[in-house]
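Here is what each chain is made of, one letter per residue.
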Amino acid sequence: MSPQLASVLPSLAALRGHDLLSSADLSREQTFALLQLAAELKSGERCIDLRGKTLGLIFTKASTRTRVSFTVAMARLGGQTVDLNPSVTQVGRGEPVADTARVLSRYMDALAIRTFAQDELAEYAHWATIPVINALTDLEHPCQALADLLTVQEAFGVSDGQGGLTLAYVGDGNNVAHSLLLTGALLGVNVRIGCPSGFEPDPALVERARALAGERSAIVVTHDPVAAVRGAQALYTDVWASMGQEGEQAQREAAFQGFCLDEALLAEADARAIVLHCLPAHRGEEISAGVIEGSASRVFDQAENRLHVQQALLAVLLGGL
Ligand code: CP
Ligand code: NVA
């Protein structure tokens, strides 16, 4: 174990039994420590044993990365996963969340939930007596942001404000943008969101990010994509129409013209800039094929890092440290 990790382990131990519903549920110290633990799990410096523990997956929306990385994370730690797809459980037939959460708490050690409303996630957490993890809601995607910032750290080292790294997100002010704002703020990274008018991140989340960043870093929302990316070390984008917004695809494609992360925008960034995308990506819409396949792209390292940060998270929430 690294000396840095040893010194912050008590802050991680305090998370045992807790939920992760929002990126802001972690303190600054816990966010740094989780990424440090994830890096040590990735390098093989550290092993965790979760034998006998079971994670339930309740996914109301499609998923490749989150579903598979949670399943493989539990397997690597010696635990198991049960897929509680709502279409084959009573969840899909309307059994109340209050009953489902209490029953599953008698069988499982944690639940990872992907759904639409943050309130539904919070209701699971209210009734469950085991940790509940946000595996994406319409409001946030905290596990994604942890993997994203680990990828930024791998490229540039650990930022701690005072003129440190800048991450520029170009596109819809959505769930992914919200968690990037919060986790970036906690880690002292400057976060700039470049979005069309009408597609800004939730103002309450922006204010929360500013409060978390304090004097350490700047949180900026702009309607100018070039201003957003200028000089930035990490460029990020996500789909223009998220799951549940498919009916708005055509209207959004029109509104987001000029916000494609293409070669021209990349040329405005720091010469060392890396390109991130949570995936799945729509080439030719929010990102050009050349940029996602180009030398700056780190999207597959980023996808891999979901596995490492989720192993760290499961270890911490399930008391495996
Ligand atoms: N990035 C991400 O969450 O991917 P999935 O929707 O495939 O889980
Ligand atoms: N914003 C996207 C992220 C997918 C991982 C969505 O919610 O569909």
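Here the structure is a predicted model, which is why all the values come from computation and not from measurement.

Cut-offs used in this document
Residues numbered from 1 in each chain as written. Chains lettered and ligands numbered in written order. Predicted model: local features only at pLDDT ≥ 70, side-chain atom pairs only at ≥ 80, totals over all residues. Heavy atoms only, no water. Buried < 20%, exposed > 50% of the residue type's maximum accessible area, 1.4 Å probe, protein only. Helix = DSSP H or I, 4+ residues; strand = E, 2+ residues; numbered from the N terminus. Pairing = 2+ DSSP bridges. Polar contact = N/O pair within 3.5 Å; in protein donor to acceptor, adjacent residues only side chain to side chain. Contact = heavy atoms within 4.5 Å. Axes fitted to C-alpha atoms, helices over the stretch in contact; angles between N-to-C directions. Parallel < 35°, antiparallel > 145°, perpendicular 65-115°, else oblique. Left-handed = near helix turned anticlockwise from the far one by under 90°. Nonpolar A, V, L, I, M, F, W, Y, C, P; charged D, E, K, R; others polar.

Draft legend 1. Just the pairing of strand β8 (residues 234–237), in detail. The side-chain alternation of β8 yields two buried faces, one formed by Ala234 and Tyr236 and the other by Leu235 and Thr237. When strand β5 (residues 166–170) meets β8, the two strands line up parallel, connected through three bridges. From the neighbouring strand, Tyr169 faces β8, where its bridge partner is Tyr236.

Draft legend 2. A look at the side chain of Lys61. Take Lys61: it is sitting in the loop between β1 (54–59) and α3 (65–76). Take Lys61: its relative accessible area is 6%, and that puts it in the buried class. In terms of polar contacts, Lys61 uses its side chain to reach the side chain of Asp138, at 2.6 Å. Sequence-distant contacts of Lys61, defined by excluding residues within four places in its chain, comprise Arg114, Thr115, Phe116, Leu136, Thr137, Asp138 and Met243.

Draft legend 3. Local environment of the packing of α3 against helix α13 (residues 299–317). Following both chains from N to C, one finds α3 and α13 inclined at 50 degrees, their axes separated by 9 Å at the closest point. Compared by their axis directions, α3 and α13 come out oblique. Here α3 and α13 pass one another in a crossing that is right-handed. Taking contact as the criterion, the partners of Arg65, Thr66, Ser69, Phe70, Val72, Ala73, Met74 and Arg76 in α3 are, on α13, Ala303, Arg306, Leu307, His308, Gln310, Gln311 and Leu314. Looking at side-chain class alone, the contact of α3 with α13 contains seven nonpolar, five polar and three charged residues.

Draft legend 4. Representation of unusual backbone geometry in the model. The peptide bond linking Leu279 to Pro280 adopts the cis configuration, its omega dihedral lying at 5 degrees. Relative to the helices and strands, Pro280 is located in the loop between β9 (274–277) and α12 (289–292). Positioned with a positive phi, Leu136 is a non-glycine residue whose angle comes to about 120 degrees. Its location among the elements puts Leu136 in the loop between β4 (132–134) and α6 (142–156).

Draft legend 5. Highlighting the sheet that holds β1. Read across the open sheet, the four strands follow the order β2-β1-β3-β4; overall the sheet is parallel. This sheet does not close on itself; its edge strands, each paired only once, are β2 (80–83) and β4. Adjacent strand axes in the sheet meet at a mean angle of 25 degrees, parallel and antiparallel pairs treated alike. As paired elements, strand β3 (residues 110–114) and β4 share three bridges and run parallel to each other. From the neighbouring strand, Leu111 faces β4, where its bridge partner is Val132.

Draft legend 6. Summary view of the packing of helix α2 (residues 28–43) against α13. It is at 8 Å that the axes of α2 and α13 come closest, and there the two elements cross at 115 degrees. Of the possible angle classes, the one that applies to α2 and α13 is roughly perpendicular. α13 is crossed by α2, and the crossing has right-handed handedness. Along its contact with α2, which presents Leu34, Leu35, Leu37, Ala38, Leu41 and Lys42, the element α13 presents Glu304, Asn305, His308, Val309, Gln311, Ala312, Leu313 and Val316. When its residues are assigned to classes, the contact of α2 with α13 shows nine nonpolar, three polar and two charged.

Take it as geometry only, folks, not as evidence of what the structure does.
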